[in-house]
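So the chains spell out like this:
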Amino acid sequence: MKKNIVVLVSGGGTNFQALIDYEKETADCPYHISAVISDHKDAYALERAANAGIKSYITSPYAVMGKEAAQAASRDEKRTAVSDKVLEICKAEGAFAIIQAGWLTVLAGNIVKEYEGKILNLHPALLPKFGGVGMWGHHVHEAVLAAGEKESGCTIHLVDSGCDSGKILIQKKVPVMPGDTPDTLYARIAPEEHKAIVEGTCMLVRGKE
């Protein structure tokens, strides 16, 4: 029996697409993508979901709290409101696990406790280096290059109450080349992300993490 997962996205959804393709193409895939949740209403990942016939939800602070309340809320209040809505959806979808595939809202509150050990995140660097608040997307690659690192890559880890601080499950490494830009470094890391997100999700769902 496949286990339901819910995928959390914020942008283009290339790693989400890797999960879609693996489920579609692999007979013994252990997971079924029950739904996708985006914290941005314009995320291209929502189009990928529609193309694949996957149910989608939007949980931006505006969508969850209403415009006026969201504008008046603190960052922590918005995080909690979004996190509580995500928890509500995941329960309704019967989600065994939650996969953060390019998700930018730091989850907080009850969801972290109720899904302890069942929330996976992909980070575009080799944690514990270059993690934490503000370290996402090209910000990470810029920091790696500025630090003169010789290698980078991606990390699959469990989510805890911190930011990029949970147990590391998988890391895939690539060299940093002379003359690299954030774009060229990302282009080298992206294929490894696609492999890692699928590998990590299968590990988690099969209970082998």
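As shown above, the structure is provided for reference.
Being a predicted model, the structure only gives us computed values, none of them experimental.

What counts, and at which threshold
Residues numbered from 1 in each chain as written. Predicted model: local features only at pLDDT ≥ 70, side-chain atom pairs only at ≥ 80, totals over all residues. Heavy atoms only, no water. 1 Å grid on protein atoms, 1.4 Å probe; cavity = no way out; pocket = protein on both sides within 12 Å on 5 of 7 lines; lining within 4 Å. Points joined across faces, edges and corners; volume = space filled by probe spheres on them. Helix = DSSP H or I, 4+ residues; strand = E, 2+ residues; numbered from the N terminus. Nonpolar A, V, L, I, M, F, W, Y, C, P; charged D, E, K, R; others polar. Core = buried A, V, L, I, M, F, W, Y, C linked by side-chain atoms within 4.5 Å. Buried < 20%, exposed > 50% of the residue type's maximum accessible area, 1.4 Å probe, protein only. Contact = heavy atoms within 4.5 Å. Pairing = 2+ DSSP bridges. Axes fitted to C-alpha atoms, helices over the stretch in contact; angles between N-to-C directions.

Asks: Any details on the layout of surface pockets? Residues and values, ideally.
Replies: Roughly 830 Å³ of volume is contained in the largest pocket. Along the walls of the largest pocket sit 37 residues, with Gly102, Trp103, Leu104, Trp136 and Gly137 positioned nearest its centre. The set of elements that each furnish at least two residues to the lining of the largest pocket consists of α1 (14–25), β5 (119–123), α7 (137–146) and α8 (182–206). Tallied by class, residues from the lining of the largest pocket come to 14 nonpolar, 18 polar and five charged. Taken as a whole, the second largest pocket spans an internal volume of roughly 150 Å³. Lining the second largest pocket are Gln17, Ile20, Asp21, Glu23, Lys24, His32, Ile33, Ser34, Ala52, Gly53 and Ile54. At the level of elements, α1 and β2 (31–38) are the ones that each hand at least two residues to the lining of the second largest pocket. Here the element with the most residues in the lining of the second largest pocket is α1; it accounts for five residues.

Asks: Describe the nonpolar core, naming the residues involved and giving the relevant values.
Replies: Among the nonpolar cores identified, the biggest contains 38 residues, and Val7, Phe16, Tyr31, Ile33 and Ile197 are the most heavily contacted of them. If one sorts the elements of this core by residue count, α8 sits on top with eight residues. If we skip the residues at most four places from it in the chain, Tyr31 touches Lys2, Lys3, Ile5, Leu19, Tyr22, Glu23, Val198, Thr201, Cys202 and Val205. The next biggest cluster of nonpolar side chains, apart from the first, holds 18 residues, and it includes Ile37, Leu87, Cys90 and Val112.

Asks: Describe in detail the sheet that holds strand β4 (residues 97–100), supporting the description with residues and values.
Replies: Pairing is mixed in the open sheet, where seven strands are placed in the order β3-β2-β1-β4-β5-β6-β7. Single-partner strands in this sheet number two, and they are β3 (55–58) and β7 (168–175). Strand-to-strand twist across the sheet, computed as the mean angle between neighbouring axes with direction ignored, equals 20 degrees. Judged from the four bridges that link them, β5 and strand β6 (residues 151–158) form a sheet pairing that is antiparallel. Opposite His123, over in β6, you have Thr155 as the bridge partner. Its contacts with the sheet place α8 against β1 (3–9), β2, β4, β5, β6 and β7, and it is angled at close to 160 degrees to β7.

The quantities given are spatial measurements derived from coordinates; they are silent on function.
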